[in-house]
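Architecture at a glance
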Amino acid sequence: MQTIDYKDFEKIDFRVGTIIQVENFEKARNPSYKIWIDFGEDIGIKKSSAQVTHLYSHEDLMGRQVVCVVNFKPRQIADFMSEVLITGFSNSDNAIVLTSVERPVPNGSKLH
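The protein chain goes by tRNA-binding protein in an unreviewed UniProt entry, where it is assigned to Algoriphagus ornithinivorans.

Take a look at the structure:
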């Protein structure tokens, strides 16, 4: 494993936001959702594409707070611009389990 300095970690802007809209992403190569996340006044609403259909339905995702990287360059996926990366971990079946917070925090809160 490669080590990094704390300054390297500080370059990644992890923020929490609340999922406010979910749609099936029919044009994606792999089963995916188009997701809109509210990060509060400073950052606003951002979009992401996420391959989380194996474990989460639309209803499971709506209102859920997730941890995202908000300072990656936007990425074009088919006809959709993904602006943030929703973080998660692979389970034993290689399905993504979303990174979340243990209790509600204000949207836009930064990971320390």
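Concerning the packing of aromatic side chains
All told, the structure shown has four aromatic pairs when counted by the stated rule. Ring plane angle 75° and centroid distance 5.8 Å describe the contact between Trp36 and Phe80, whose orientation is recorded as edge-to-face. With Trp36 in strand 2 (residues 33–38) and Phe80 in strand 6 (residues 80–82), this residue pair connects regions lying 44 residues apart in the sequence. Look at Phe80 and you get buried, because its relative accessible area is 5%. Grouping aromatic residues by their ring pairs yields a cluster made of Tyr6, Phe9 and Phe14. Directly above the ring of Phe80 sits Lys47, whose terminal nitrogen or CZ lies 5.2 Å from the centroid.

Section: the nonpolar core
Inside soluble globular proteins, nonpolar side chains tend to come together where they are buried. In this structure, Ile35, Ile37, Leu61, Cys68 and Ile86 are the most contacted members of the largest nonpolar core, which totals 16 residues. Looking at this core, the elements that each hand over two or more residues are strand 1 (14–24), strand 2 and strand 4 (65–69).

Details of the environment of Met81
By the element assignment, Met81 lies in strand 6. Judged by its relative accessible area of 31%, Met81 falls in the partly exposed class. Residues Met81 and Ser49 lie 32 residues apart in sequence; the distance between their C-alpha atoms is 8.2 Å. Discounting chain neighbours no more than four positions away, the residues touching Met81 are Lys47, Pro74, Arg75 and Gln76.

Some remarks on the environment of Ile45
Relative to the helices and strands, Ile45 is located in strand 3 (residues 45–50). Owing to a relative accessible area of 49%, Ile45 belongs among the partly exposed residues under this scheme. Note: C-alpha distance between Ile45 and Ile19 (26 residues apart in sequence) is 9.3 Å. Once residues lying within four places of it in the same chain are set aside, the contact partners of Ile45 are Ile20, Trp36, Ile37, Asp38 and Glu83.

Overview of the sheet that holds strand 4
The sheet built from five strands is open, its strands ordered 3-2-1-4-7 with antiparallel pairing. The strands lining the two open edges of the sheet, one partner per strand, are strand 3 and strand 7 (85–86). Pairing between strand 1 and strand 2: six bridges, direction antiparallel. When the bridges of strand 2 are listed, Gln21 appears paired with Trp36.

Criteria and cut-off values
- Residues numbered from 1 in each chain as written.
- Predicted model: local features only at pLDDT ≥ 70, side-chain atom pairs only at ≥ 80, totals over all residues.
- Heavy atoms only, no water.
- Phe/Tyr/Trp six-rings, centres within 6.5 Å; stacked < 30°, edge-to-face > 60°.
- Helix = DSSP H or I, 4+ residues; strand = E, 2+ residues; numbered from the N terminus.
- Buried < 20%, exposed > 50% of the residue type's maximum accessible area, 1.4 Å probe, protein only.
- Lys NZ or Arg CZ within 6 Å of the ring centre and 35° of its normal.
- Core = buried A, V, L, I, M, F, W, Y, C linked by side-chain atoms within 4.5 Å.
- Contact = heavy atoms within 4.5 Å.
- Pairing = 2+ DSSP bridges.

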